[in-house]
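Structural description and commentary
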Amino acid sequence: MSERSDHFDLVVIGGGPGGYCAALYGASAGLNVALVEKDALGGTCLNRGCIPAKAFLETAAVKRHVDHAADFGIETGAPEGSAASVAFARTQERKQGIVRQLVGGIGAMCKNRNVEVFNGTGSLSAGRTVQVAMGDGGSATITGDFVMLASGSVPRLIPGFERGGPIMTSDEVLDLDTLPARVAVIGGGAIGCEFASTFADLGSEVTILEGLPKILPGLDNDVANVVVKSFRKKNIAIKTGVMVNGHTPDGNGATTVAFGDGESVVVDAVVVSVGRRPFADELGLDGTGVQVDERGFVVVDEFCQTGESGVYAVGDLINTPQLAHVAYAEAILVVKHLLGENPMPVMYDRVPWAIYCHPEVAWAGPDEQQAKDAGHDVVVAKHPFKFNSRAMILGETEGLVKVIAKKRADGTAGQVLGVHMVGPWVTEQLSGGYLAVNWEATVDEIAEFIQPHPSLSELFGETVLSLTGRNFNG
Ligand code: FAD
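The residue count restarts for each chain, going from 1 along the sequence in the order it is written. This being a predicted model, a pLDDT of at least 70 is required before a residue's local features are given, and a value of 80 or more before pairs of side-chain atoms are given or counted; all residues contribute to the totals for chains, interfaces and linings. Heavy atoms throughout the structure, all of them, feed into the side-chain values; hydrogens and water do not.

On to the overall build of the chain, then. The helix and strand labels rest on DSSP assignments: H or I over at least four residues marks a helix, E over at least two residues marks a strand, and numbering proceeds from the N terminus. In terms of helices and strands, the chain carries 13 helices and 21 strands. Only the C-alpha atoms count toward the radius of gyration. The rule for a globule is 2.2 Å times the residue count to the power 0.38. Computed over its C-alpha atoms, the radius of gyration of the chain comes to 24 Å, within 12% of the 23 Å expected for a compact globule of 474 residues. On the principal axes, the C-alpha backbone points of the chain span a range of 65 × 65 × 45 Å. Note on exposure labels: buried denotes an accessible area under 20% of the residue type's maximum, exposed denotes more than 50%, and partly exposed covers the range between, all computed with a 1.4 Å probe on protein chains only. Looking at the chain as a whole, 50% of its 474 residues qualify as buried. In this analysis, two residues are considered to be in contact whenever any of their non-hydrogen atoms come within 4.5 Å of each other. Once local pairs closer than 6 in sequence are excluded, the contacts in the chain between residues at least 24 apart make up 64%. In the form shown here, the chain has an accessible surface area of approximately 21,500 Å², with 52% of it arising from carbon and sulfur atoms. In summary, the charge assignment counts Lys and Arg as positive and Asp and Glu as negative, without counting His or the chain termini. By convention, charge coordinates are those of NZ in Lys, CZ in Arg, CG in Asp, or CD in Glu. Of the charged side chains in the chain, 36 are positive and 56 negative; the average position of the first set lies 4 Å away from that of the second. Under the convention used here, a 1.4 Å probe and the Shrake-Rupley method define accessible areas, while residue burial counts only the protein chains that appear.

What follows concerns the pattern of salt bridges. Definition used for salt bridges: Asp or Glu carboxyl oxygen within 4 Å of a side-chain nitrogen of Lys or Arg. Applying the stated criterion across every chain, the model contains 21 salt bridges. Between lysine 95 and aspartate 175 there is a salt bridge whose closest N-O contact spans 4.0 Å. In this pair, lysine 95 is assigned in helix H4 (residues 88-112) and aspartate 175 in the loop between helix H5 (170-173) and strand E8 (182-186), connecting sequence segments 80 residues apart. Its salt-bridge partner being arginine 163, residue glutamate 172 comes within 2.7 Å of it at the nearest N-O pair. In this structure glutamate 172 comes out as partly exposed when scored by relative accessible area, which is 25%. One salt-bridge network, held together by shared partners, links Asp220, Asp222, Glu368, Lys372, Lys382 and Lys402.

With that settled, consider the site of the ligand. Consider each residue's heavy atoms; a residue with any of them within 4 Å of a molecule or strand counts as near. Close to the ligand lie 38 residues, the nearest being Glu37, Thr44, Lys54, Asp316 and Ala324. As used in this structure description, the phrase polar contact means that two N or O atoms lie within 3.5 Å; if the pair is within protein, one of them must be able to donate a hydrogen and the other to accept it, and residues adjacent in sequence are counted only when both atoms belong to side chains. Separating a nitrogen atom of the ligand from a backbone N or O atom of lysine 38 is a distance of 3.2 Å. Here an oxygen atom of the ligand and a side-chain polar atom of threonine 44 are 2.6 Å apart. Against a free-state accessible area of 1,000 Å², the protein chains account for coverage of 96% of the ligand. Sorting the residues of the shell around the ligand by element identifies helix H1 (17-28), strand E2 (33-37), helix H2 (43-48), helix H3 (50-67), strand E3 (116-125) and helix H8 (324-338) as the ones contributing at least two each. The biggest single contributor to the shell around the ligand is H2, with 4 residues. When residues are sorted by character, Ala, Val, Leu, Ile, Met, Phe, Trp, Tyr, Cys and Pro go into the nonpolar class, Asp, Glu, Lys and Arg into the charged class, and all the rest, Gly among them, into the polar class. Tallied by class, the residues present in the shell around the ligand amount to 13 nonpolar, 17 polar and 8 charged.

At a closest axis distance of 9 Å, the pairing of H3 and H4 adopts a crossing angle of 140 degrees. Here H3 lies oblique to H4, going by the angle between them. Crossing angle aside, the handedness with which H3 passes H4 is right-handed. Every residue of H4 that contacts H3 at Ile51, Pro52, Ala55, Phe56 and Thr59 is listed here: Phe88, Thr91, Gln92, Arg94, Lys95, Ile98, Val99 and Leu102. Taken together, the residues that form the contact of H3 with H4 break down as 8 nonpolar, 3 polar and 2 charged. Structural elements are reduced to axes, namely lines fitted to C-alpha atoms, with helices fitted over the stretch in contact, and the angle between N-to-C directions of any two is expressed from 0 to 180 degrees. Angle categories: roughly parallel below 35 degrees, roughly antiparallel above 145, roughly perpendicular from 65 to 115, and oblique for all the rest. Crossing chirality is assigned from the near helix's rotation relative to the far helix, an anticlockwise turn below a right angle marking it left-handed and a clockwise turn marking it right-handed.

Turning our attention to the environment of leucine 31. Checked against the element boundaries, leucine 31 lands in the loop between H1 and E2. With relative accessibility at 13%, the residue leucine 31 sits in the buried group. For the pair leucine 31 and asparagine 112, spaced 81 residues apart in sequence, the C-alpha to C-alpha distance is 14 Å. Look past the residues within four positions of leucine 31 in its chain and what remains in contact with it is Asp9, Leu10, Gly26, Val335, Leu338 and Leu339.

This brings us to the packing of aromatic side chains. Note on ring pairs: Phe, Tyr and Trp rings are taken, using the six-membered ring of Trp, and paired if centres are within 6.5 Å. Classes follow the plane angle, with under 30 degrees stacked, over 60 edge-to-face and the rest tilted. If you walk through the whole model with that rule in mind, you get 5 aromatic pairs. On the basis of an interplanar angle of 50 degrees and a centroid distance of 6.3 Å, the ring pair of phenylalanine 146 and tyrosine 312 is categorised as tilted. Here phenylalanine 146, found in strand E5 (residues 139-149), pairs with tyrosine 312, found in strand E16 (residues 311-313); they are 166 residues apart in sequence, far enough to count as distant. A residue is classified by how much of its surface remains accessible, and phenylalanine 146, at 24% relative accessible area, is partly exposed. Ring plane angle 5 degrees and centroid distance 5.5 Å describe the contact between tryptophan 353 and tryptophan 363, whose orientation is recorded as stacked. One end of the pair, tryptophan 353, is in strand E17 (residues 353-355); the other, tryptophan 363, is in strand E18 (residues 360-364), with 10 residues separating them in the sequence.

Looking at the secondary structure, you find lysine 402 in strand E20 (residues 400-407). For lysine 402, a relative accessible area of 2% corresponds to the buried category. Among the polar contacts listed, one links the side chain of lysine 402 to the side chain of aspartate 222, at a separation of 2.6 Å. In this structure the side chain of lysine 402 is engaged in a polar contact, spanning 2.7 Å, whose partner is the side chain of glutamate 368. Other than its neighbours up to four places away in sequence, lysine 402 contacts Asp220, Asp222, Glu368, Val380, Ala381, Lys382, Gly418, Val419 and His420.

The next thing to look at is the sheet that holds strand E10 (residues 237-240). Note on sheets: strands pair through backbone hydrogen bonds, and any given pair is parallel or antiparallel. Strands were regarded as paired on the criterion that DSSP finds at least two bridges between them. Across the sheet, which stays open at both edges, the 5 strands sit in the order E7-E14-E8-E9-E10 with parallel pairing between neighbours. If you trace the sheet from one side to the other, it starts and ends with strand E7 (167-168) and E10, each paired once. Bridge count between E8 and strand E9 (residues 205-210): 5 bridges; the pairing is parallel. Within the sheet, the bridge partner assigned to valine 183 lies in E9 and is valine 206.

The structure is reproduced here in structure tokens:
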């Protein structure tokens, strides 16, 4: 068995978005970096999260297009009124191909930048020393001038719904190669709604079971209402304000999920989607000043510094929005900070958010209620995609753009506070709104931007224009 010992400028534990971004960005800044990953590079995002979930959603989008091909004058040869069939094993294979390429790409980039990848489990002890239990049975002891913890998160579970058979977390759902006919999704948050949308579009019968009074509770009300209406059109049954009480397998692969006050639903798959918990379980941390709070998050300051000198933590491991691009931003912040470049902390209340269900949702900045609760007097404009030419061409006219601006003393709209969108490809359209919010731009400044025509992004331009008090679309 091999025993190694080395010193690096930066040692990163965890090869997900936080970890690999810090490693590659740090290496591009001239740092000598070690990256410790116990599983596959890319972490949750590439292997069990963002990328596979979006690959499934794209298959669902293709199914929708094919089902409506006749509207565009394309004859598929399928008998009238019948839907296209789904070969889900092929969907799985395609998704795996995408994941393989991306994971391989990160490995290749690490090699090109001389990032030394240790395939093993890293644990931190005093003196910024990382012990690595290597996958091949060997071990290594490495030290760093700086150490970054980026061990991410794992799905939360609920008692009575242990993984196995029809009971799945996102990890198992993303490995499916057959399409379940009946699905219960426990939890109507972003990830739950993406799975609900995918399966409903692919033809499964879907029920969402949510304990809170509404699904997607973090969303602006106008935006959430569009999603709920659209989900109902897809025949997704949405049960809110209900707790699940347990389930009874029938022995043939299906199970009856009991919820609420004596209600139940029989399904072939249960997707437990009740959030993720930080994963510090194997980090050791003995004899270090790194603190973990009562919910399991590593405690950091605004520069992602832990209580141990020279040790940082980023991503899902700390109590900030559990988003891959937030992990990237934190990784860049850490590298700049350790290089003494005096970076700006991440402004968590202004990061972009995106949910890739159909219809898509994207936003930056506070929604209308949050802006009011923060004490702002606001002026709000919202415009629907219904009259947008590109949306009509796409045949996707559900949705709206809503802009929340600060009200000036004279009653006119000033600084753009929040931009909230729901509808076709809004996850790709948010960048203009994100820029406006983070630049603290006024509606007059943003109204000067020219949007291409015909485009979906014209709706953002028109919504902002209307806030100047003049417009051309009513
Ligand atoms: P992770 O990606 O969890 O990576 C942590 C890595 O550390 C893992 O590879 C793990 O194996 C490794 N590790 C853990 N402990 C050790 C150890 N002791 N030693 C060595 N290695 C260790 N976010 C978005 O922004 N957009 C989306 O559309 C989106 N969709 C999602 C869909 C799903 C289904 C899920 C589950 C998540 C989604 N997310 C999305 C969230 C996103 O995946 C996470 O926010 C992101 O992966 C967090 O990155 P991270 O680097 O902090 O941790």
